[in-house]
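# Overview (structure and organization)
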Amino acid sequence: MAVSDHVNLEQFMQGLKRRNPGETEFHQAVYEVAANVFDYISDKEIYHEMQIFRRMAEPDRVISFRVCWEDDNGNIRVNRGYRVQNNNAIGPYKGGLRFHPSVNQSILKFLAFEQTFKNSLTGLPMGGGKGGSDFNPKGKSDNEIMRFCQSFMTELYRHLGEDTDVPAGDIGVGSREIGYLFGQWKRITNRFTGTLTGKGREYGGSPIRTEATGYGTVYMLQDMLKQAGEDIEGKKVLVSGAGNVATYAIEKINQLGGKVITASDSSGFVHDPHGIDEERLAFLMHLKNVRRGRIEEYAEEFNVDFYEGKRPWQVQADVALPCATQNEISQKEAQTLIKNGIKAVSEGANMPTEQDGIHDFINAKVLFAPSKAANAGGVAISGLEMSQNSARRTWKEEELQDLLRNIMGDIHESCVEYGKADDGYIDYVKGANIAGFIKVADAMIAYGVV
Ligand code: NDP
Ligand code: 2IT
């Protein structure tokens, strides 16, 4: 095909939308990467000839299955389970499982697509996948969670394996669920291998996997600020969410001398001008991760304001760390943050900022780390959990802390390498998309037409 005949971005997106009707989150995620990649490959014939991006945006496999389980009242319940195996060009499929009522094929396809580039950025040999269910864990007993996880794994196990596909946690899937899932995997297969990550330390889990995503998001922030001649000390920080990623991001901000003044859950946000210090964070972690309570209780405990049904983005601060879910910063909210003088945004959640909001941040020269770079610390430690499981040993916590710091530093460097503009501004979105793309693309070229 002659260069002039290449499908352009608009034509490509039309085709993608036609082939994947109604999957708006998937369209959004693909567009965000395509916008940079089409530009990058415009003069690189081989990527066109081999239809590389077209192939990356078509998952290798989408598995969907029925999950039947019995609740505590003896009612038979039916949910839908999924695993999207997007791409295994550079390693086994790897990515989390999400249990949330909003889960559907579009959301999991967007997450599996993003994971492919994120995992590539870590420098570790992992392909991209994602799975989950529309099961709602809220208000369920431990026994109900266990029965659901066992039923889910009874179907999913046949698609997994330490060299095939290795799931982990995500929204609604933490150490309790991973325990039940791994227990069932082991029981069905009669094999003890590292086929899930985020496991308990007693049975093959890695030190610092729990902390890694939140810590990594803050390391990315630290490196962006350093590049711009600043640091975290004294900065006022907005955090959304109050789960795994949010709480460990808060912990690391505190360690580095910043002050977090908000946290949220799906019911609203709390504004704590005193700052979520060590003592208050311990309360929050217990409230959300152990008792699974509502964030309003934090406001009652520390006598601070609770804003029902609202997100924290109208509060004035220096930094924003969205750590809850996709599309939680609208374009309007991005504009409010810019107007209030936000300096940096590091995305702990996956795709938390709407497309137009990202453009506004970049146009306003805000330091903006996209999720596939900023939250890669979690899957990076998952990759190292896989290595430890294969070698049947555990590394020391200090070693893993150093490895996490270095991997995040390397991701920052890759973004700078591919994202630096002539005026010195670093477009981390472009940098992460292109750096993540190249490795996967070149591996696919090596395999020929498969
Ligand atoms: P958790 O389940 O531990 O916590 C999720 C938090 O986000 C909760 O506070 C939850 O509130 C809130 N939340 C979830 N959905 C919504 C919603 N629709 N609207 C408002 N608030 C919501 O999940 P994680 O902390 O693990 O995940 C958070 C984000 O980070 C997700 O985008 C995930 O994909 C991403 N991520 C997670 C990684 C990990 O290692 N865990 C790795 C990389 C990215 P409530 O309690 O009310 O439900
Ligand atoms: O979005 C993510 O990177 C995760 N939920 C973690 C994936 C993993 O395999 O650790």
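A brief look at the structure comes next. (Residues numbered from 1 in each chain as written. Chains lettered and ligands numbered in written order. Predicted model: local features only at pLDDT ≥ 70, side-chain atom pairs only at ≥ 80, totals over all residues. Heavy atoms only, no water.)

### Considerations on the site of ligand 1
Where we set the bar: For each residue, the test is whether any non-hydrogen atom lies within 4 Å of the molecule or strand; if one does, the residue is near. We call two N or O atoms a polar contact when they sit within 3.5 Å, provided that within protein one can donate a hydrogen and the other can accept it, with sequence-adjacent residues counted only if both atoms are side-chain atoms. Method for areas: the Shrake-Rupley scheme with a 1.4 Å probe, in which residue coverage is limited to the protein chains shown. Strands are runs of DSSP state E lasting at least two residues, helices are runs of H or I lasting at least four, and both sets are numbered from the N terminus onward.
Near ligand 1 you find 26 residues, and of these Lys138, Asp170, Thr213, Ser266 and Asn350 are the closest. At 2.9 Å, a side-chain N or O of Lys138 approaches an oxygen atom of ligand 1. Interatomic distance of 2.6 Å between a side-chain N/O atom of Asp170 and an oxygen atom of ligand 1. For ligand 1, whose unbound accessible area comes to 890 Å², protein coverage reaches 83%. Put simply, the parts of the chain that give the shell around ligand 1 at least two residues each are helix 8 (209-227), helix 9 (244-255) and strand 7 (259-265).

### Quick word on the packing of helix 2 (residues 24-40) against helix 5 (residues 105-121)
Helix packing for two helices is described by the angle between their axes and how far apart those axes are. Stated formally: Here an angle of 0 to 180 degrees is reported between the N-to-C directions of two axes, which are lines fitted to C-alpha atoms, with helices fitted over the stretch in contact. Note that the term roughly parallel is reserved for angles under 35 degrees, roughly antiparallel for angles over 145, roughly perpendicular for angles of 65 to 115, and oblique for everything else. For this analysis, residues touch if any pair of their heavy atoms sits within 4.5 Å.
At a minimum axis separation of 6 Å, helix 2 and helix 5 run at an interaxial angle of 25°. If you check the angle between helix 2 and helix 5, you find them roughly parallel. Here Thr24, Glu25, Phe26, Ala29, Val30 and Val33 of helix 2 come into contact with helix 5, specifically with Ser106, Ile107, Lys109, Phe110, Phe113, Glu114 and Phe117.

### So, the nonpolar core
Convention followed: Nine residue types can take part in a nonpolar core, namely buried Ala, Val, Leu, Ile, Met, Phe, Trp, Tyr and Cys, and a core is a set of them joined through side-chain atoms within 4.5 Å. We call a residue buried when its accessible area falls under 20% of the maximum for its residue type, exposed when it is over 50%, and partly exposed in between, using a 1.4 Å probe and counting protein chains only.
Formed by 63 residues in total, the largest nonpolar core has its most connected members in Leu221, Ile253, Leu284, Tyr298, Leu321, Leu404 and Ile411. By size, the runner-up hydrophobic cluster in this structure holds 37 residues, among which are Val33, Phe38, Ile90 and Ala443.

### What about the site of ligand 2?
Under the convention used in this document: Polar here means any residue other than Ala, Val, Leu, Ile, Met, Phe, Trp, Tyr, Cys and Pro, which are nonpolar, and Asp, Glu, Lys and Arg, which are charged; Gly is therefore polar.
Within the structure, ligand 2 sits among 13 residues, and Lys94, Lys118, Lys130, Arg209 and Ser382 are positioned closest to it. Residue Lys130 places a side-chain N or O atom 2.9 Å away from an oxygen atom belonging to ligand 2. Taking Asp170, its side chain carries an N or O atom lying 3.0 Å from a nitrogen atom of ligand 2. A total of 290 Å² of accessible area belongs to ligand 2 in isolation, and the protein chains cover 94% of it. For the shell around ligand 2, the elements supplying multiple residues, two or more each, are strand 3 (93-99), helix 5 and helix 15 (376-391). Here the element with the most residues in the shell around ligand 2 is strand 3; it accounts for three residues. In terms of residue class, the shell around ligand 2 is made up of two nonpolar, six polar and five charged.

### What to know about the pattern of salt bridges
To keep things clear, this is the line we draw: The term salt bridge refers to a side-chain nitrogen of Lys or Arg lying within 4 Å of a carboxyl oxygen of Asp or Glu.
Tallied over the entire structure, the rule returns 24 salt bridges. Of the charged contacts, one joins Lys235 and Glu230 as a salt bridge, the two residues approaching to 3.1 Å between their closest N and O atoms. When its relative accessible area of 31% is taken as the criterion, Glu230 is described as partly exposed. For the salt bridge of Asp423 with Lys365, the shortest nitrogen-to-oxygen distance reads 2.8 Å. Remark: Lys365 occurs in the loop between helix 13 (355-363) and strand 12 (367-369) and Asp423 occurs in the loop between helix 16 (397-419) and helix 17 (428-447); sequence separation between them is 58 residues.

### Thoughts on the packing of helix 9 against helix 10 (residues 278-290)
Packing of helix 9 against helix 10 leaves a shortest axis separation of 10 Å and a crossing angle of 170°. By the criterion of interaxial angle, the relationship of helix 9 to helix 10 is roughly antiparallel. Contacts between helix 9 and helix 10 pair Asn244, Thr247, Tyr248, Ile250, Glu251 and Asn254 from the former with Glu278, Leu281, Leu284, Met285 and Asn289 from the latter. Considered class by class, the residues forming the contact of helix 9 with helix 10 number five nonpolar, four polar and two charged.

### Focus: the sheet that holds strand 9 (residues 305-308)
Which entries qualify depends on this criterion: Between any two strands, at least two bridges found by DSSP are needed for them to pair.
Strands sit in the order 9-8-7-6-10-11-12 across an open sheet of seven strands; the sheet is mixed. Here the strands that pair on one side only, and so sit at the sheet edges, are strand 9 and strand 12. Going from strand to strand, the sheet's axes swing by 15° on average, the running direction of each strand aside. Sheet topology places strand 6 (residues 236-240) next to strand 10 (residues 319-322); four bridges connect them, and they run parallel. Residue pairing across strands places Val237 opposite Val319, the latter belonging to strand 10.

Structural measurements only, silent on function.
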